Amino acid sequence: MATVNFETMDVTQLTEEDVAELAVRLEQDDYESVFDCLNDWHLMRAIAFQKPELVEPYMYLLDLEAFDES
């Protein structure tokens, strides 16, 4: 399973298909190392901040919760 280095990727150029493939990898959770999984998770998180409309169907993979800081 090939992962992508999110630090060198232009997240704004990703398509819906790219995000769907990433989501499938995360759902299958069949990585050779935990670091490969973390790379994909961080990529999905970066996409969520820069292009949230692409990640909306997969937000459950990020396990993000809103916090009330007040």
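Residues numbered from 1 in each chain as written. Predicted model: local features only at pLDDT ≥ 70, side-chain atom pairs only at ≥ 80, totals over all residues. Heavy atoms only, no water.

Student: Sorry, what's going on with a nonpolar patch on the surface here?
Tutor: Nonpolar side chains collect at one region of the surface, where Val34, Phe35 and Leu38 lie side by side and expose about 310 Å² of accessible area between them. Structurally, Val34 is set in helix H2 (residues 34-50). (Patch = residues over 30% accessible without salt bridge, like charges linked within 9 Å, V, L, I, M, F, W, Y side chains within 5 Å. Areas by Shrake-Rupley, 256 points an atom, 1.4 Å probe, with all protein chains shown as cover. Salt bridge = Lys/Arg side-chain N within 4 Å of Asp/Glu carboxyl O. Helix = DSSP H or I, 4+ residues; strand = E, 2+ residues; numbered from the N terminus.)

Student: For this particular structure, what's the right way to read a negative patch on the surface?
Tutor: A grouping of Glu16, Glu17, Asp18, Glu21, Glu53 and Glu56 is seen on the molecular surface, where their side chains present a negatively charged patch. Counting residues per element, the negative patch draws most heavily on helix H1 (residues 16-28), which supplies 4 residues. Examined against the element boundaries, Glu56 turns out to sit in the segment after helix H3 (52-55). (Lys, Arg positive; Asp, Glu negative; His and termini not counted. Charge placed at Lys NZ, Arg CZ, Asp CG, Glu CD.)

Student: Please explain the nonpolar core as it appears in this structure.
Tutor: As a rule of thumb, soluble globular proteins bury nonpolar side chains together. Val19, Met44, Ile47 and Val55 are the most contacted members of the largest nonpolar core, which has 17 residues in total. Put simply, the parts of the chain that give this core at least two residues each are H1, H2 and H3. Tallying contributions element by element places H2 first for this core, with 5 residues. Those residues in contact with Ile47, other than ones at most four positions away along the chain, are Val11, Leu14, Val19, Leu22, Pro52, Leu54 and Val55. (Core = buried A, V, L, I, M, F, W, Y, C linked by side-chain atoms within 4.5 Å. Buried < 20%, exposed > 50% of the residue type's maximum accessible area, 1.4 Å probe, protein only. Contact = heavy atoms within 4.5 Å.)

Student: What is the right way to read H1 from this model?
Tutor: Taking 1.5 Å per residue, 13 residues should reach 18 Å; H1 reaches 18 Å between its end C-alpha atoms and fits that length. Looking only at H1, the buried set comprises Val19, Leu22, Ala23, Arg25 and Leu26. Down the axis of H1, the smallest arc covering the buried residues is 160°, so these residues share one side. Seen from the buried face of H1, the exposed residues on the opposite side, beyond 90 degrees, are Glu16, Glu17 and Gln28. In this structure, the buried residues of H1 make contact with H2 and H3. With its phi angle positive at about 50°, Asp29 sits one or two positions after the end of H1. (Expected span 1.5 Å × (residues − 1). Arc of directions from axis to C-beta.)

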